[in-house]
Amino acid sequence: MSKVLMKGNEALAEAAVRAGCRYFFGYPITPQTELPQYLSKRMPEVGGVFLQAESEVAAINMVYGASGAGARVMTSSSSPGISLKAEGISYIAGAELPCVIVNMMRGGPGLGTIQPAQGDYFQATKGGGHGDYKLLVLAPASVQEAVDLTIEAFDLADKYRNPVMILGDGILGQMMEPVEFKLTENNELPVKEWATTGKKGRKKNIINSLYLQAEKFEQHVNRLADKFGEMEAKEQRAETYLADDAEILLAAYGTTSRVCRKAVDMAREEGIKAGLFRPISLWPYPAYALQQVLGRVKGILTVEMSLGQMIEDVRLAVNGKVPVDFYGRVGGMVPTSRDVFDKIVAFREVL
Amino acid sequence: MITVLTGNFGSGKTEISVNLAIKNHSTLIDLDIVNPYFRSRRVKEEMEDKGVKVILPPPYLANSDLPVITPEVLGELQNPNADVVIDVGGDNVGAIVLGRFSKILEEKNAEILLVVNPYRPYTQNQFGAQQILEQIQEAARVSITGIISNPNLGRVTTISDVILGHIEVVEIAKGLNLPIKFISCCNDLAHEVVYHVNVPVVGIEIYMLTPWEL
């Protein structure tokens, strides 16, 4: 059977295996635990390693080690667990190591709730860990897209020698949709000449993020910045829905974009010209694509499961050209399409 | 009559349990201690409006991912006129909770059913189904008495998905030497499915909706 019915968490795990990932280090946390659980069964079947570490901090440093040795490697967690991994993520970016990190967000701050949220947007796109680094952040809105982006994430990580984050939320992790795995097993992975695979006559490879000479470290950080600049130019991704003639444009990613898409349909039925802008890459933010659809837009309504985080990137992208309003739910509450529709109607009144 | 629904993660236990309880106005016991979302407790009020008695952990714990079982569960099972559907969590990890009740389930001749969706990973063939069956029986200390055939690909399921999937389930059931008690499918496909299968068809309504379907 070509199609299978999978939870987002399971599908993401299988996608990693299909992408040639053979090492997974993690620590369980709701609502992403099905991902490690699936891999605990699946990795031994393909001769891979599944390891439940003693903590998130240990897991991310195992990722550092495996990646340094040239392996395709993944870790996954949910919000509080990603906070614990933040130091390691900065190290991995600093040492220019490719890996894929999954965050199935839950409500924060603190231990928060096990229900879905999008409150880690800042953490994912603006830092989280210390120093001048960037993660490439991809935000799927369906289980199939989670599969496709995960497979691509491994290639992007290798290409830029940088960690890539898949940013979903509990709904994406828990919901079930049919998926197809288009790729066959990827046996020919790129050769990593920088990896610590044993010297064997070549020059010594060292994986390191510590520089005691400021001049050298400045050169290193600037070189990283050039790489981030290239990513910013080449890796912006977005999708639009009925945006061409839209007067009210919704901006939302992941689960919330599904809610908004339905709200757009409801608005259109009432004769309101609504449309949707859905960033797929959150960093780099697809500012160019957003600027392209501003044509008839009178106002943008950003919808998030947070108190307003992505809205800052929306405002930066439109640079005051149109008013930007916000609607959000927090604490694990998910906005319904009806809520968003009501907000569209109210927003139209004041435009 | 006590009916227990077990099976692997995402096999469809919750949707079928909720539908069975509503159809028969029975009691629904939510024993899902492993799933954080899409549990039958989400539609508690809707079920109660439709005449179902719902047994759940207390509200302040209902959204936790803790193994909470209220004393009411045993009370309900001891009731001589018990008419109960038990929705169990997925896999052997979810089924472990049944071990606590294995003795009374045996005494009451409960139907312990394995829900099989051949479109789910790990139950696509007899080998996978056999494994999950053995793991559940071991964890729950009960014997599975029958199969519910639940071939579906979620919202986009077509009539041929159901029929082709059911053929797989028939093979699986034969291999496991267990009867198929019924096939379940969406209400809008059920009237067509009856012409293609020789087991009872239970049409179900989808209750576990995503936020954009509400």
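How each quantity is defined
Within each chain, residues carry numbers counting from 1 in the order of the written sequence. Chains carry letters from A onward and ligands carry numbers from 1 onward, assigned in written order. The predicted origin of the model limits local features to residues at a pLDDT of at least 70 and limits the giving and counting of side-chain atom pairs to 80 or more, whereas totals for whole chains, interfaces and linings rest on all residues. Being paired, for any two strands, means DSSP has found at least two bridges between them. Numbering of helices and strands runs from the N terminus; a helix is a DSSP stretch of H or I covering at least four residues, while a strand is a stretch of E covering at least two. Fitting a line to C-alpha atoms yields each axis, with helices limited to the stretch in contact; the angle taken between N-to-C directions then spans 0 to 180 degrees. Two residues qualify as being in contact provided that their C-beta atoms, derived from the backbone, are within 7 Å of each other. Following the grouping adopted for this structure description, the nonpolar residues are Ala, Val, Leu, Ile, Met, Phe, Trp, Tyr, Cys and Pro, the charged ones are Asp, Glu, Lys and Arg, and the polar ones are all others, Gly among them. Around each residue's C-beta, the other C-beta atoms within 10 Å are counted; 20 or more make the residue buried, 12 or fewer make it exposed, and counts in between make it partly exposed. All C-beta atoms are placed from the backbone. Each domain's limits were defined by an automated method or a database of domain assignments. Nonpolar cores are identified as sets of buried Ala, Val, Leu, Ile, Met, Phe, Trp, Tyr and Cys residues joined via C-beta atoms within 7 Å.

This brings us to the sheet that holds strand β1 (residues 2-7) of chain B. Residues and elements named next belong to chain B. Reading across from one edge, β3-β2-β4-β1-β5-β6-β7-β8 is the order of the eight strands in this open sheet, with parallel pairing throughout. Either end of the sheet is taken by a strand with one partner, and the two such strands are β3 (53-55) and β8 (201-204). On average, adjacent strands in this sheet sit at an angle of 25 degrees to one another, irrespective of strand direction. In this structure, strand β6 (residues 146-149) lies alongside strand β7 (residues 180-186), joined through three bridges in parallel fashion. Among the inter-strand pairings, I148 is bridged to a residue of β7, identified as F182. Packed on one face of the sheet, helix α1 (residues 13-24) meets β1, β2 (27-31), β4 (84-88), β5 (111-116), β6, β7 and β8 and runs near 165 degrees to β4.

Here we take up the interface of chain A and chain B. One widely used convention gives an interface's size as the accessible area the parts lose upon coming together. Opposite the 26 residues of chain A that make contact, chain B presents 20 residues. Where the side of chain A that touches chain B is concerned, the elements lending two or more residues are β1 (4-7), α7 (170-174), β8 (176-179) and α9 (254-269) of chain A. Its residues placed into classes, the side of chain A that touches chain B shows twelve nonpolar, seven polar and seven charged.

Residue and element names in this part refer to chain B. Counted residue by residue, β1 has six buried out of six residues, so it is predominantly covered. Every second residue of β1 is oriented toward a common face, with I2, V4 and T6 on one face and T3, L5 and G7 on the other, all of them buried. Two elements, β1 and β4, share four bridges in a ladder whose sense is parallel. Paired with L5 across the two strands is D87, which belongs to β4. For β1 and β5, the ladder comprises five bridges, and the chain directions are parallel.

With that out of the way, let us pick up the environment of M74 of chain A. Residues and elements named next belong to chain A. In this fold, M74 is placed in strand β4 (residues 73-77). Spatially, the C-alpha atom of M74 lies 37 Å from that of R338, the residues being 264 residues apart in sequence. Once residues within four sequence positions are removed from consideration, M74 is found in contact with A16, C21, F24, C99, V100 and V102.

All names here are of chain A. Domain boundaries in chain A define domain 1 (4-234) and domain 2 (239-350). One C-alpha centre belongs to domain 1, the other to domain 2; they are set 28 Å apart. Facing the 26 residues of domain 1 at the interface are 22 residues of domain 2. Listed by contribution, the elements that provide at least two residues to the side of domain 1 that touches domain 2 are α5 (121-125), β6 (136-138), β7 (163-169), α7 and α8 (214-234). Counting residues per element, the side of domain 1 that touches domain 2 draws most heavily on α5, at four residues. Of the residues contributing to the side of domain 1 that touches domain 2, the split by class is 16 nonpolar, seven polar and three charged.

As a further point, take helix α1 (residues 8-18) of chain A. Residue and element names in this part refer to chain A. When you tally the buried positions in α1, you get ten out of eleven residues, the bulk of the element. Among the residues of α1, those classed as buried are G8, N9, E10, A11, L12, A13, E14, A15, A16 and V17. Directly beyond the C-terminal end of α1, a positive phi value near 95 degrees is found at G20.

For the rest of this paragraph, the subject is the sheet that holds strand β2 (residues 23-26) of chain A. All names here are of chain A. Strand order in the open sheet formed by seven strands is β3-β2-β4-β5-β7-β6-β12, and the pairing between neighbours is mixed. The strands lining the two open edges of the sheet, one partner per strand, are β3 (49-52) and β12 (281-283). For this sheet, the mean inter-axis angle between neighbouring strands, taken without regard to orientation, is 20 degrees. Sheet topology note: the β2/β3 ladder contains four bridges and is parallel. Residue Y23 lies in a different strand from β3, and its bridge partner there is V49.

Attention now goes to the nonpolar core. L12, V63, V100, V137, L138, I166 and L250 of chain A are the most contacted members of the largest nonpolar core, which has 112 residues in total. Looking at this core, the element that brings in the most residues is helix α6 (residues 143-160) of chain A, giving ten residues. Shared between two domains, this core takes at least three residues from each, and those domains are domain 1 (4-234) and domain 2 (239-350) of chain A. In contact with V137 of chain A, other than residues within four places in its own chain, are A124, T125, M165, L167, S281, L282 and W283 of chain A. Grouped together as the second largest cluster of nonpolar side chains are 53 residues, V43, V84, L105 and C185 of chain B included.

Attention now goes to the environment of Y327 of chain A. Residue and element names in this part refer to chain A. Mapped onto the elements, Y327 comes out in strand β14 (residues 324-328). The exposure class assigned to Y327 is buried, which follows from the 23 C-beta atoms found within 10 Å. Sequence separation between Y327 and Q37 is 290 residues, and the spatial gap between their C-alpha atoms is 35 Å. Excluding its chain neighbours within four sequence positions, the residues that come into contact with Y327 are L301, V303, P335, V340 and K343.

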